[in-house]
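Examining the three-dimensional arrangement
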Amino acid sequence: MRKFLSFIGALALSLSGGNAHAMDLPSGAKKVTMEEFKALADGKHVKVEIFDFEKPVIADLVWSWKKGTITGKADVGGKMIDVKTKLTFKGDKACSTPKGEKPSCHAIYVDGNKFYEVRDDMQVHAVSTVE
């Protein structure tokens, strides 16, 4: 379960498991700076779907730059869990860091009110819709 929590911030990286389903990065999505990302998502409710788990993961999260956290609820394969993970940044990537674990970081691409967390191999880890 701890592994799932590290990924829920829609920012963590899971390369070891097989894809439950996949999504291509839309051609119109633009890589953004962390300041542009902050302007889009800070303090707003975000609906998240994570693609690279063995189980389906859907979450309702809030990203807070002021608190340095990603918090909310997630449905992990039919089980509801509370999410609270540390939000940090590493260069041009946003990172989630669950207590006692290493940061997992992704580049952020934006298309309208959606943002895409993209792994280093250019696979979409998660898509989030800002409400």
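Scroll up to find the structure this text is about.
All of these numbers come straight from a predicted model, not from anything done at the bench. Going along each chain's sequence as written, the residues are numbered from 1 onward. It should be noted that, the model being predicted, local features are given only for residues of pLDDT at least 70 and side-chain atom pairs only at 80 or more, the latter also being counted only at that level, while totals for whole chains, interfaces and linings use all residues. Only heavy atoms go into the side-chain values, all of them from the structure, while hydrogens and water stay out.

Ring geometry is summarised as follows: Phe, Tyr and Trp rings, the Trp one being its six-membered ring, pair when their centres sit within 6.5 Å, and such pairs are stacked at plane angles under 30 degrees, edge-to-face over 60 and tilted between the two. All chains considered together, the criterion is met by 6 aromatic pairs. Between the aromatic rings of Phe-37 and Trp-63, the centroid separation amounts to 5.2 Å while the plane-to-plane angle is 80 degrees, which identifies the pairing as edge-to-face. Of this pair, Phe-37 sits in helix H2 (residues 34–41) while Trp-63 sits in strand S3 (residues 57–64), and the two are 26 residues apart along the sequence. Owing to a relative accessible area of 0%, Phe-37 belongs among the buried residues under this scheme. Within the aromatic cluster, the residues linked to one another by ring pairs are Phe-37, Trp-63, Trp-65, Phe-89 and Phe-115. Helix and strand definitions follow DSSP, with helices as H or I runs of at least four residues and strands as E runs of at least two, each counted in order from the N terminus. Exposure is judged per residue with a 1.4 Å probe applied to protein chains only, and the accessible area is read against the type maximum: over 50% gives exposed, under 20% gives buried, and values in between give partly exposed.

Counting buried positions along strand S9 (residues 124–130) gives 6 out of 7 residues, so the element sits mostly inside the fold. Each pair of strands is called paired provided DSSP finds at least two bridges between the two strands. Relative to S9, strand S2 (residues 45–50) runs antiparallel, the two sharing 5 bridges. Looking at S9, one finds that Ile-50 is bridged to Ala-126. Here strand S8 (residues 114–118) runs beside S9; their pairing, made up of 5 bridges, is antiparallel. Bridge assignment links Lys-114 to a residue of S9, and that residue is Thr-129.

The subject of this paragraph is the environment of Ser-104. Note that Ser-104 resides in strand S7 (residues 104–111). For Ser-104, a relative accessible area of 13% corresponds to the buried category. The sequence separation of Ser-104 and Leu-87 amounts to 17 residues, and the corresponding C-alpha distance is 9.9 Å.

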